[in-house]
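Read off the chains here:
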Amino acid sequence: MPIPFIDLKAQYRTIQAEIDAAIREVIESTAFIGGKYAQAFEASFARYCGVSRAVGASSGTTALHLVFAALGIGPGDEVITVPNTFIATAEMISITGARPVFVDVEDATFNMDPAKLKAAITPHTRAIVPVHLYGQIADMDPILEIARAQGIPVVEDAAQAHGAEYRGRRAGQMGAAATYSFYPGKILGAYGDAGIVVTNDEALAKRMEMLANHGRIGKYEHEVPAFNYRLDGMQAAILSVKLKHLDGWLERRREKAQVYNRLLEDAVLTPKEMPYARHVYTYYVIRTGHRDRVQAALKERGIDAIIHYPIPLHLQPAYRGLGYKKGDFPVAERQAEEILSLPLYAELEESQIKEIVEKVLSAI
Ligand SMILES: *Cc1c(COP(=O)(O)O)cnc(C)c1O
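The rules behind each value
- Starting from 1, residues in each chain are numbered consecutively following that chain's sequence as written.
- Thresholds applied to this predicted model are a pLDDT of at least 70 for local features of residues and 80 or more for the giving and counting of side-chain atom pairs; totals over whole chains, interfaces and linings are not thresholded and use all residues.
- Where side-chain values are given, they derive from all heavy atoms of the structure, hydrogens and water being excluded.
- Exposed residues in this analysis have more than 50% of their type's maximum accessible area, buried residues have under 20%, and partly exposed residues fall in between, with area computed by a 1.4 Å probe over protein chains only.
- What counts as a helix is a DSSP run of H or I of at least four residues, what counts as a strand is a run of E of at least two, and both are numbered from the N terminus.
- Working note: the arc is built from the helix axis to C-beta atom directions.
- By definition, residues are in contact when any of their heavy atoms lie within 4.5 Å.
- Note that the domain bounds reflect an automated or database-derived domain assignment.
- Summed over both partners, the accessible area lost on bringing two parts together, with a 1.4 Å probe, is the buried area.
- Any two strands are treated as partners once DSSP identifies two or more bridges connecting them.
- Axes here refer to lines fitted to C-alpha atoms; in helices the fit is confined to the stretch in contact. Angles between the N-to-C directions go from 0 to 180 degrees.
- By convention in this text, a residue qualifies as near a molecule or strand provided that one of its non-hydrogen atoms is within 4 Å of it.
- Polar contacts, as used here, are pairs of N or O atoms within 3.5 Å; protein pairs need one atom able to donate a hydrogen and one able to accept it. Residues neighboring in sequence count only if both atoms are side-chain atoms.
- Here the accessible surface of atoms and residues is derived via Shrake-Rupley with a 1.4 Å probe, and residues count as covered only by protein chains that are part of the display.
- Side-chain classes are defined by residue name, with Ala, Val, Leu, Ile, Met, Phe, Trp, Tyr, Cys and Pro counting as nonpolar, Asp, Glu, Lys and Arg as charged, and the others, Gly among them, as polar.
- Two aromatic rings, drawn from Phe, Tyr or Trp (for Trp, its six-membered ring), form a pair once their centres lie within 6.5 Å of each other, and the interplanar angle then sorts them: stacked below 30 degrees, edge-to-face above 60, tilted otherwise.
- Geometrically, a charge over a ring is one whose NZ (Lys) or CZ (Arg) sits within 6 Å of the ring centre while staying within 35 degrees of the ring normal.

## Some details on helix 5 (residues 140–150)
And step 1. Every buried residue belonging to helix 5 is among Met140, Ile143, Leu144, Ile146 and Ala147, and all of these are buried. The arc that holds every buried residue of helix 5, seen down its axis, measures 165°, which confines them to one face. Across helix 5 from its buried face, at more than 90 degrees, point the exposed residues Glu145, Arg148 and Ala149.
And step 2. Buried-residue contacts for helix 5 involve strand 4 (125–128), strand 5 (155–157) and strand 6 (165–166).
And step 3. In the stretch just after helix 5, glycine 151 is the one whose phi turns positive, near 70°.

Listed below in structure tokens is the structure:
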């Protein structure tokens, strides 16, 4: 039997009755856009993150744009992030007219290296955007300290970090705001596109709500030309159901990651959970010099393993104009050549993990 990278059908089977009832309720009440299901989910997700406010968005990408727009970032500004993220992080910086500035990452965590942050700050820096990659939060204390000293807001890209913790705090409690994605393949996934911004800043939340809804301040009164980035009611209702199961799923992911660790740690570099972190293993990422061989061997046996991400952003055609070159971010570049994400989901059987591990070991 093939083993998919994630198995959303298997997850649906475990919650089918609740999901089907929730979808029916939305249709019967016709609260399709914003409305009571969106508001209910915003309130529960804010509580889950330990913050006072959540603003629903149409995706993790538009959630990032909302924060940057609400912070007033635009042409002439610089925003610092990392080169080893999904393009949306840098893309939404670019869409405001600002320039993405990259800093290299730590070898052990794949996350922003606080030791390299200061050198990237200029008088034009308007925000710092650490990405909590693969389910582990970046080393936030030193990042926040540098940012605070310079008066620069920190925006956390938490698209891969639902339920992850840093010294007991979740994303959104630390920076000015955090954005989450509910893309179906994410750890808390909708059945379509959805996202959210969480924050403790009431004024920022109000501005994002206004921007997400055509700059509305009344039904037909608009403060500024803005966007339609509203959260879909049906996605919100589905997410409310799934949020109740999230902690259980995370526990099972963490257990399965430990099984992988035990079986693999002598042969490859396994993910390292830092003492400050509760890692939720959005992706279970190994490192090996034989990555391509391992991926091919898995594929031959019908096992899906993925590279997150094969081309660092500073080497992407889209970012040729920034003037970076190979060698500028050696840690991220080397990681991109060695990383491989193995299947991991709450329903994955231990026997399947053993099969995957056997194939990995046979190829190195
Ligand atoms: C998935 C992802 C996004 C974008 O989220 P979408 O909901 O797909 O728009 C942004 N940043 C990171 C790090 C992601 O993994």
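## Observations regarding the domain arrangement of the chain
And step 1. By the assigned domains, the chain splits into domain 1 (8–103 + 110–243) and domain 2 (246–363).
And step 2. If you average the C-alpha positions of domain 1 and of domain 2, the two centres end up 24 Å apart.
And step 3. Taken together, the 41 residues of domain 1 in the interface contact 33 residues of domain 2.
And step 4. For the pair domain 1 and domain 2, the two sides together bury roughly 3200 Å², of which 62% comes from carbon and sulfur.
And step 5. The largest contributions to the domain 1 side of the interface with domain 2 come from Tyr134, Gln136 and Ile187, which together make up 23% of the buried area.

## Section: the sheet that holds strand 8 (residues 195–199)
And step 1. Spatially, 1-8-7-5 is the arrangement adopted by the four strands of the open sheet, whose pairing is mixed. With partners counted over all chains shown, the strands left at the sheet margins are strand 1 (53–57) and strand 5, one partner each. Across the sheet, the axes of successive neighbouring strands diverge by a mean angle of 20°, strand direction being ignored.
And step 2. In this structure, strand 7 (residues 177–181) lies alongside strand 8, joined through four bridges in antiparallel fashion. Each residue of the ladder has a partner; that of serine 181, found in strand 8, is glycine 195.

## Structural notes on the site of the ligand
And step 1. Near the ligand you find 15 residues, and of these Gly60, Thr61, Asp157, Ser181 and Lys186 are the closest.
And step 2. Threonine 61 has a polar side-chain atom sitting 2.4 Å from an oxygen atom of the ligand.
And step 3. Taking serine 181, its side chain carries an N or O atom lying 2.6 Å from an oxygen atom of the ligand.
And step 4. Alone, the ligand offers 380 Å² of accessible surface; in the complex the protein occludes 94% of this.
And step 5. Sorting the residues of the shell around the ligand by element identifies helix 3 (60–70) and helix 4 (88–95) as the ones contributing at least two each.
And step 6. Among the residues forming the shell around the ligand, the class breakdown is six nonpolar, seven polar and two charged.

## Some remarks on the packing of aromatic side chains
And step 1. Going through the model one piece at a time under the given rule, you end up with 18 aromatic pairs.
And step 2. Between phenylalanine 102 and phenylalanine 329, the aromatic rings sit 6.3 Å apart at their centres with planes inclined by 85°, giving edge-to-face as the arrangement. Residue phenylalanine 102 is located in strand 3 (residues 99–102), and its partner phenylalanine 329 is located in the loop between helix 8 (291–300) and helix 9 (330–338); the two are separated by 227 residues in the primary sequence.
And step 3. Looking at phenylalanine 329, the relative accessible area reads 7%, which means it is buried.
And step 4. A network of ring pairs unites the aromatic residues Phe41, Phe45, Tyr48, Tyr180 and Phe182 as a single cluster.
And step 5. It is arginine 170 that lies over the ring of tyrosine 48; its NZ or CZ is 4.0 Å from the centre.

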